[in-house]
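Architecture and fold: a report
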Amino acid sequence: MSGSSRRVLVTGLGTFWGGRVAQALEADPDVEVIVGLDTTEPTVELERTEYVRVDANYSILARIVRAAQIDTIIHTFLIVDPTVMSARAMHEINVIGTMNLFAAASAPASTVRNVVVKSSTIVYGCSSQDPVWFREDTPPSRPARRGVERNLEAVEGYVRDFAQDNPHVNVSMLRFANVVGAEIETPLTKALQLPVVPSLAGFDPRFQFVHEDDVIRAIMFVLESNLAGVYNVAGDGLLPWSEVARICGKRTAPLPPVGTGLIAGPLARLGVVDLPEEYLQLLRFGRGVDNTRLKETGFRYEYNSVEAVQAFIESVRLRRTIGTGQPSYRYERDVEQFFRHSPAVIRD
Amino acid sequence: MPDGDDVRPSRALVPIPTADPHSAESEEGGEHLPGRLSDVDEWGRSERMRALARRLYDPVYSKWFRAEWEGLENIPTEGGALLVANHAAAIPSDAPVIMHGIEKELGRPVYGLADNFFKRVPVVGTLWSRLGGLPAHPDNAYRLLAEQGQLVLVFPEGSKGPAKTFDERYQLRRFGRGGFVEIAMQAGVPVVPIAVVGAEESMPTLFRLPSVASVIGAPYVPVTANMLAFGPLGAVAYFPAKFRLRVLEPVTFNVPPDQERYSKSRVMDWSEAIRDRIQNALYDMLRSRESVWFG
């Protein structure tokens, strides 16, 4: 769709990703309307995004899509961190939410022409049979067993069905590797901020990272260039976990490789570090994804895996001192506000 | 250690700032990234660890096994090639000998494909990975061969080779389902067959313990002659069998690369032909072998 103005619906506005995507959309003059859905208030400052409170699985969505003549849906509301809520709540949001979203988008007379889904490389699973690099069409080595994997598998199934049933809609699905950055919190970023970084004794698998800014840039890029299809989004390079810890200036504290769950459970209870099964498995075998498909479309990453981890730890250090990882952010925005609204500014 | 045109990252203690972080990005794999604190490549191989292993292993290679090569000129000095050999000894001694030998004689790194059982074993899996081993997955082999032009070593018999007992020595098992031929066809690289004599006698299996194997999830659990001779040490100590390795003529396939699938009959014919060549070379080498220990 090359239409000059877009009418965009963002799911999960209250989450980190929804908020960041809405901010990026606000900066784009081609975007006419931004409607954000969530169960909770947005946590970032937004100027022209309209927030609609909905229940966790968007039962009234079809009406919103019709009433606001939405042509673009950005589906960011997929929970891939199993530590933040129960498996049941996660299933409700991820699977049922996506199902309803696509039901609404494929309603008769629907105006939706573009859909971007923010998935995760967790969908590839993690096992000893994995290839070093997963391509977009590599099947997981094993059937999905764990919560997030199974959620994403179902979600991607709905996305595929929708794309098949609606060939006139541009559907793209982005699978993001481990995200790090100034603001995002995941089990991995929490682990890397501990005095010593948990690892598994005798294992030193290789990890791949993507910077949170590249995540937003990738979503905007896919939207602007009307890409369809599945794309891995991950910085170049694979780093051994021990090296990741060293870049962060930390030592590793090896957990026993056998009966790891017996140790990880109490550690989570004590509030030291919550490493769910998905992440323990990652500490055992790691995961790499091939990012060439997106690069071939012209996307350029600002951070490779090393730079992403460096940027992450630098903002952690900064936050430790001044309380925020992005110091100039608020200030710039105030200036922007001033230019935009103050009567003192003389406009031509 | 010459390594083609691939520049290994330097081992600096502090990140080295570069003017433009994107200029150093290589096209494939993003191998040389500034700011790296280790030299572990995308496959898990560390040249530094490899160099250390070469120093420690060389006495075993040249004094204990007294490895001798013939036909080394059949291994290409540049570009990808799939090395295919017979597989033997309870803890296979052929893989390190071949990998060390080619690195020493030709100065080319060799990536060894192994059963993913390795990856599940703590410490061993990590060491194997740092020394150039990786799980045998067609994607891994293709990327190494076609996109990075590396030497890849594979044992098509899989774990059935080293699992066989002493009375079956030098009798090649089935060459899997011919997957190695298909990969070489797809990657458009030659297959270089290698016949190895000596590995069988370095750690002969007397009998296997299948029930133990199924409990611990290993492909096989052997009781070896070495265990009887050396006690517990026998689990890791090899007999000093004389190693002879013969590199056979490279096999090239007249098929276009990167096809989704190849004729199964053609693949199996080639697989069988390569197996025959190695088997015949083994018989030939055994005919002229006067002593297991002195060759």
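This text goes with the structure placed above it.
Not measured: the values here are computed from a predicted model. Numbering of residues starts from 1 in every chain and runs along the sequence as written. Throughout, the order in which chains and ligands are written sets their labels, letters from A for the former and numbers from 1 for the latter. Since the coordinates come from a predicted model, pLDDT governs what is reported: local features require at least 70, and pairs of side-chain atoms require 80 or more to be given and counted, while whole-chain, interface and lining totals use all residues. Side-chain measures were taken over the full set of non-hydrogen atoms in the model, leaving aside hydrogen atoms and water.

**A short note on the pattern of salt bridges**
Two side chains with opposite charge may pair up if their charged atoms get near one another. Residues and elements named next belong to chain B. Salt bridges are defined as contacts in which a side-chain nitrogen from Lys or Arg sits within 4 Å of a carboxyl oxygen from Asp or Glu. Here the structure, examined in full by the defined rule, presents 31 salt bridges over all chains. The partner of Glu68 in a salt bridge is Lys242, and the shortest N-O contact between them spans 2.6 Å. Residue Glu68 is found in strand E1 (residues 68-70), and its partner Lys242 is found in the loop between helix H10 (225-230) and strand E9 (244-247); the two are separated by 174 residues along the sequence. Residue burial is assigned from relative accessible area. The probe radius is 1.4 Å, only protein chains are included, and a residue is buried under 20% of its type maximum, exposed over 50%, and partly exposed in between. Overall, Glu68 belongs to the partly exposed group, its relative accessible area being 39%. Owing to a relative accessible area of 7%, Lys242 belongs among the buried residues under this scheme. Salt bridges linked by common partners bring Arg45, Glu47, Arg50, Arg54 and Glu103 together as one network. Note on conventions: DSSP H or I runs of at least 4 residues are helices, E runs of at least 2 residues are strands, and numbering of each starts at the N terminus.

**Quick notes on the side chain of B:Gln150**
Note that B:Gln150 resides in the loop between helix H5 (138-147) and strand E5 (151-154). By definition in these notes, contact holds between two residues if any of their heavy atoms fall within 4.5 Å. When sequence neighbours within four positions are dropped, the list of residues in contact with B:Gln150 reads B:Gly79, B:Gly80, B:Ala81, B:Arg108, B:Pro109, B:Tyr111, B:Leu144 and B:Leu145.

**Observations concerning a nonpolar patch on the surface**
Residues and elements named next belong to chain B. Patch membership requires more than 30% relative accessible area and the absence of a salt bridge. Residues of like charge join within 9 Å; the nonpolar side chains Val, Leu, Ile, Met, Phe, Trp and Tyr join within 5 Å. All accessibility values rest on the Shrake-Rupley procedure with a 1.4 Å probe; residue burial counts only the protein chains present in the view. A cluster of nonpolar residues, Leu206, Phe207, Leu209, Val212, Val215, Ile216 and Leu228, forms a patch on the protein surface that exposes about 660 Å² of accessible area. Counting residues per element, the ones that place at least two in the nonpolar patch are strand E7 (205-208) and helix H9 (210-216). Among the elements that take part in the nonpolar patch, H9 stands out by supplying three residues, more than any other. Considering the arrangement of structural elements, one finds Leu206 in strand E7.

**Digging into the interface of chain A and chain B**
Taken together, the 32 residues of chain A in the interface contact 33 residues of chain B. Two parts placed together each lose some accessible area under a 1.4 Å probe, and adding up what both lose gives the buried area. With both chains or domains summed, chain A and chain B bury close to 2,700 Å², and 49% of this area falls on carbon and sulfur atoms. Between chain A and chain B we count four salt bridges in total. Residues A:Asp204 and B:Arg130 are paired through a salt bridge, measuring 3.4 Å at the closest nitrogen-oxygen approach. We define a polar contact as two N or O atoms separated by no more than 3.5 Å, with the added condition that, inside protein, one atom must be a possible hydrogen donor and the other a possible acceptor, whereas residues neighbouring each other in sequence contribute only through side-chain atom pairs. At the junction of chain A with chain B, the criterion picks out twelve residue pairs in polar contact (both at pLDDT 80 or more). Elements represented by at least two residues in the side of chain A that touches chain B include exactly strand E12 (239-240), helix H7 (241-247) and helix H11 (305-322) of chain A. Throughout this entry, Asp, Glu, Lys and Arg are counted as charged residues, while Ala, Val, Leu, Ile, Met, Phe, Trp, Tyr, Cys and Pro are counted as nonpolar. The remaining residues, Gly among them, count as polar. Among the residues forming the side of chain A that touches chain B, the class breakdown is 13 nonpolar, nine polar and ten charged.

**Brief notes about helix H9 (residues 277-285) of chain A**
Residues and elements named next belong to chain A. Extensive coverage of H9 is indicated by the burial of seven of its nine residues. Along H9, the positions that sit buried rather than exposed are Glu278, Tyr279, Leu280, Gln281, Leu282, Leu283 and Phe285. Gly286 occupies a position one or two residues after H9 and carries a positive phi of about 65°.

**Considering the packing of aromatic side chains**
Residues and elements named next belong to chain B. Within 6.5 Å between ring centres, the rings of Phe, Tyr and Trp (the latter by its six-membered ring) count as paired, and their orientation is classed by plane angle as stacked under 30 degrees, edge-to-face over 60, tilted in between. Throughout the structure, instances matching the rule amount to 15 aromatic pairs over all chains. A centroid spacing of 4.6 Å and a plane angle of 50° characterise the contact between Phe65 and Phe243, whose relative ring orientation is tilted. Taken together, the residues span a long stretch of sequence, with Phe65 in the loop between helix H1 (47-64) and E1 and Phe243 in the loop between H10 and E9 at a distance of 178 residues. Judged by centre distance (5.5 Å) and plane angle (50°), the rings of Phe230 and Phe239 are tilted. Looking at Phe230, the relative accessible area reads 37%, which means it is partly exposed. Owing to a relative accessible area of 15%, Phe239 belongs among the buried residues under this scheme.

**Focus on the sheet that holds strand E6 (residues 170-176) of chain A**
Residue and element names in this part refer to chain A. Note on pairing: DSSP must find at least two bridges between two strands before they are called paired. Sheet architecture is open: seven strands sit in the order E3-E2-E1-E4-E5-E6-E11, paired in parallel fashion. The two strands at the open ends of the sheet, each matched to only one other strand, are strand E3 (49-53) and strand E11 (229-233). Going across the sheet, the axis of each strand differs from the next one's by a mean of 20°, ignoring polarity. In this structure, strand E4 (residues 72-75) lies alongside strand E5 (residues 114-120), joined through four bridges in parallel fashion. Pairing of His75 across the sheet is with Val117, part of E5. Packing of helix H3 (residues 87-105) onto the sheet brings it into contact with strand E1 (6-11), E4 and E5, and relative to E4 it is tilted by some 175°. The axes used here are C-alpha line fits, helices contributing only the stretch in contact, and every angle between their N-to-C directions lies in the interval 0 to 180 degrees. Helix-sheet contacts for helix H6 (residues 212-224) involve E1, E4, E5, E6 and E11, and the interaxial angle to E6 is about 165°.

**Here we look at the nonpolar core**
Ranked by internal contacts, the top residues of the largest apolar core, which has 70 residues, are A:Leu9, A:Val115, A:Phe209 and A:Trp241. Beyond its immediate sequence surroundings of up to four residues, A:Val115 is in contact with A:Ile73, A:Phe102, A:Phe162, A:Val169, A:Asn170, A:Val171 and A:Ser172. In this structure, B:Trp43, B:Ala141, B:Tyr142 and B:Val189 belong to the second largest nonpolar core, which totals 39 residues. In these notes, a set of buried Ala, Val, Leu, Ile, Met, Phe, Trp, Tyr and Cys residues joined through side-chain atoms within 4.5 Å is what counts as a nonpolar core.

**Points about the environment of B:Ser93**
All names here are of chain B. By the secondary structure assignment, Ser93 is in the loop between strand E2 (81-85) and helix H2 (94-106). Counting along the chain gives 54 residues from Ser93 to Asp39, while the straight-line C-alpha distance between them is 26 Å. If we ignore the near neighbours within four places in the chain, the residues touching Ser93 are Tyr57, Phe65, Ala88, Ala199, Ser202, Tyr238 and Phe243. Polar contacts involving the side chain of Ser93 include one to the side chain of Ser202, which spans 2.7 Å.

**Here's the deal with the pairing of E4(A)**
Strand residues, when the strand is regular, have side chains that alternate between the two faces of the sheet. Residue and element names in this part refer to chain A. Burial along E4 is two-sided: the residues Thr72 and Ile74 and Ile73 and His75 are all buried. As paired elements, E1 and E4 share four bridges and run parallel to each other. Paired with Val8 across the bridge in E4 is Thr72. The definition of a right-handed crossover adopted here requires that, viewed with the strands pointing away, the path from the first strand over the helix to the second runs clockwise. Between the parallel pair E4 and E5, the chain is carried across by H3, and the sense of this crossover is right-handed.

That's the geometry; what it means functionally is another story.
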